[in-house]
Amino acid sequence: SHIGSSHRGARVNRQSGPRADFQMANVPVDQLSKEQQDELLCTYAALILHDDGADVTAQGMTNLIKAAGCSVEAYWPMLMAKM
């Protein structure tokens, strides 16, 4: 099965037999509030760390977010790492 996602939107295509399209969100990222964007960035960073088998830490999330050329309020990674 092939899983692909568009770089610009929140659309994921999964192929398993007949092609099916799934939307992850109905709102473009640039229309989210700064707080919503920060939460989304931290969520993706935590998922990436977990998927890689690494500890989900505030510093690890901050490093990934900075490497992506983004930034979040300092409390977000600390808050998310405690979940």
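Residues numbered from 1 in each chain as written. Predicted model: local features only at pLDDT ≥ 70, side-chain atom pairs only at ≥ 80, totals over all residues. Heavy atoms only, no water.

Asker: So what about the confidence of the model for the chain? Which residues, and what values?
Answerer: Overall, the prediction assigns the chain a mean pLDDT of 79, with 70% of residues at 70 or greater. Per-residue pLDDT, averaged within each element of the chain, yields its smallest value for strand 1 (residues 2-5) (39) and its largest for helix 2 (residues 58-67) (97). Within the model, pLDDT remains below 50 along residues 1-15, and this stretch shows 29 contacts once partners closer than five positions in the same chain are excluded. (pLDDT = per-residue confidence, 0-100. Helix = DSSP H or I, 4+ residues; strand = E, 2+ residues; numbered from the N terminus. Contact = heavy atoms within 4.5 Å.)

Asker: Explain the nonpolar core residue by residue, including any values.
Answerer: Formed by Cys42, Ala45, Ala46, Leu49, Met61, Ile65, Val72, Trp76 and Met80, the largest nonpolar core amounts to 9 residues. For this core, the element with the highest residue contribution is helix 1 (residues 34-51), accounting for 4 residues. Those residues in contact with Met61 that lie beyond four places of it in its chain are Cys42, Ala45, Ala46, Leu49, Val56, Pro77, Met80 and Ala81. (Core = buried A, V, L, I, M, F, W, Y, C linked by side-chain atoms within 4.5 Å. Buried < 20%, exposed > 50% of the residue type's maximum accessible area, 1.4 Å probe, protein only.)

Asker: Which residues make up the pattern of salt bridges, and what are the values?
Answerer: A complete count under the given rule lists 1 salt bridge for this structure. Salt-bridge contacts for Lys34 lead to Asp38; the nearest nitrogen and oxygen are separated by 2.7 Å. Taken together, the residues span about one helical turn, with Lys34 and Asp38 both in helix 1 at a distance of 4 residues. Using a relative accessible area of 43% as the deciding quantity, one classes Lys34 as partly exposed. The exposure class assigned to Asp38 is buried, which follows from its relative accessible area of 1%. (Salt bridge = Lys/Arg side-chain N within 4 Å of Asp/Glu carboxyl O.)

Asker: Any details on helix 2? Residues and values, ideally.
Answerer: Of all the residues in helix 2, the buried ones are Gly60, Met61 and Ile65. Considered in projection along helix 2, the buried side chains sweep an arc of 130 degrees and stay on one side of the axis. Of the exposed residues in helix 2, those oriented more than 90 degrees away from the buried face are Lys66 and Ala67. Looking at the residues trailing helix 2, positive phi occurs at Gly69, about 80 degrees. (Arc of directions from axis to C-beta.)

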